[in-house]
Structure formats: structure tokens, C-alpha cells
Amino acid sequence: MIHKSVLCIIVEMAIEREDALTGAAKDVWITFSDCISGSYVKMKEEIKMLNLLSETASAGGGMMLMIVYIVIIGGAMYFFAIRPQKKEQKRMNALLASMEVGDTVVTTSGFYGVVIDITDEDCIVEFGSNKNCRIPMKKAAIAEVEKAGQE
């Protein structure tokens, strides 16, 4: 027959090894009476339940952390990419809406001209001092507008 203290040491070593492998609480101590009475099996079941609870809690925390990261990255994308682009789009729409006959414009290709006529989507621009060089173009092809009275 195995001596009682040797049995208790073997049980403690098994619990410590299980703690290291599964991450259960390390403050579980088995007294002499627990080793003899056979409550080791009950304690082992409690340790497994603690492991399951800790694993589910950490999985939920990991999922929550991932959601927080996605929200932060989405917010950064909005403030650094989408918002400035929408702001520039509003500025260009306001600029093209305020364009009048006689304004000096710069096209997206870099040509300077004077607006001769405006319709809803198009405008006719006169380039250079030659009165015969009038080209109809889309308003979207205009990059900058300078009002007639400004220098």
C-alpha cells in the first residue's frame, strides 16, 4: 500500500501539471483529508468547469476587442478618406453652381478661358484672344473658376 503523504504529493503534482497545461487556478490545494476521502475527482471536475468558464470569457473578450478595432479603423477611414473627399465634392459643386458668364476658368487639361454661355450641364468657353476658338465642354471639365471682377 502507498503511504498517504506520497499519494497526496502525487495528486498535487497531477493538479499542478494540469494547471500548467490548461490554465486553471493555481491556488487549488489538496489537503491530506481530501486525498484520502476521494474528493480529488470532485476537485478535478471543478477545475474543468473553471477552465471552460475562463475559455468562454476570453473568447467573448477577443470578439469584443476585434469589434472595437473594426470600429476604430472604420472611423479613421471615414475621417481621413471619405469625409475630405465629400467636402471637396461639395466645394466643387458650389463653385460650378456659382459660375457666371464672363468668369475666367481653368479646365482640367490646363487651358485658360472665358465662359461665354452656360447651360445646365455644359458651358461654352472661349480660349485665347481669338474669338473663333469657342469650345463647348462639360462643367465637370472645369477645375477652377475666377470671378470676372477679381484679380
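Residues numbered from 1 in each chain as written. Predicted model: local features only at pLDDT ≥ 70, side-chain atom pairs only at ≥ 80, totals over all residues. Heavy atoms only, no water.

### As for the overall build of the chain
Here is step 1: A tally of regular secondary structure across the chain gives three helices and five strands.
Here is step 2: Start at the N end of the chain and walk to the C end: the helices and strands fall as α-α-α-β-β-β-β-β.
Here is step 3: Counting contacts in the chain only where the partners sit at least 6 residues apart, residues at least 24 apart contribute 40% of the total.
Here is step 4: Summing over all exposed atoms, the chain offers an accessible surface of approximately 11,500 Å²; the carbon and sulfur share of this is 64%. (Helix = DSSP H or I, 4+ residues; strand = E, 2+ residues; numbered from the N terminus. Contact = heavy atoms within 4.5 Å. Areas by Shrake-Rupley, 256 points an atom, 1.4 Å probe, with all protein chains shown as cover.)

### Let's talk about the sheet that holds strand 4 (residues 134-138)
Here is step 1: The strand order 4-3-2-1-5 describes an open sheet built from five strands, whose pairing is antiparallel. Whereas interior strands pair on both sides, the edge strands pair on one side only; in this sheet they are strand 4 and strand 5 (142-146). In this sheet, adjacent strand axes meet at a mean angle of 40° when their direction is disregarded.
Here is step 2: Pairing between strand 1 (residues 104-107) and strand 5: four bridges, direction antiparallel. Along strand 5, the bridge assignment pairs Thr107 with Ile142. (Pairing = 2+ DSSP bridges. Axes fitted to C-alpha atoms, helices over the stretch in contact; angles between N-to-C directions.)

### A look at the pattern of salt bridges
When their charged atoms lie close together, side chains carrying opposite charge are able to pair.
Here is step 1: By the definition in use, this model includes five salt bridges.
Here is step 2: As a salt-bridge pair, Asp103 and Lys147 come within 3.4 Å of each other at their nearest N and O atoms. Residue Asp103 is found in the loop between helix 3 (40-97) and strand 1, and its partner Lys147 is found in the segment after strand 5; the two are separated by 44 residues along the sequence.
Here is step 3: A relative accessible area of 2% means that Asp103 is categorised as buried.
Here is step 4: Of the residues examined, Lys147 reaches a relative accessible area of 26% and is grouped as partly exposed.
Here is step 5: Across the pair Glu126 and Arg134 runs a salt bridge, and its minimum N-O distance is 3.1 Å.
Here is step 6: Glu126 gets classed as buried once you look at its relative accessible area, which sits at 8%.
Here is step 7: The network of salt bridges with shared partners includes Glu121, Asp122 and Lys138. (Salt bridge = Lys/Arg side-chain N within 4 Å of Asp/Glu carboxyl O. Buried < 20%, exposed > 50% of the residue type's maximum accessible area, 1.4 Å probe, protein only.)

### Description of the nonpolar core
Here is step 1: In this structure, Met92, Leu95, Leu96, Met99, Val105, Val115, Cys123, Val125, Phe127, Met137, Ile142 and Val145 together form the largest nonpolar core, which totals 12 residues.
Here is step 2: Of all the secondary-structure elements, those providing two or more residues to this core are helix 3, strand 3 (122-127) and strand 5.
Here is step 3: Every residue in contact with Val115, bar those within four places of it in the chain, is listed here: Met99, Glu100, Val101, Gly102, Asp103, Val105 and Ile124. (Core = buried A, V, L, I, M, F, W, Y, C linked by side-chain atoms within 4.5 Å.)

Any functional reading would require information that these geometric values do not contain.
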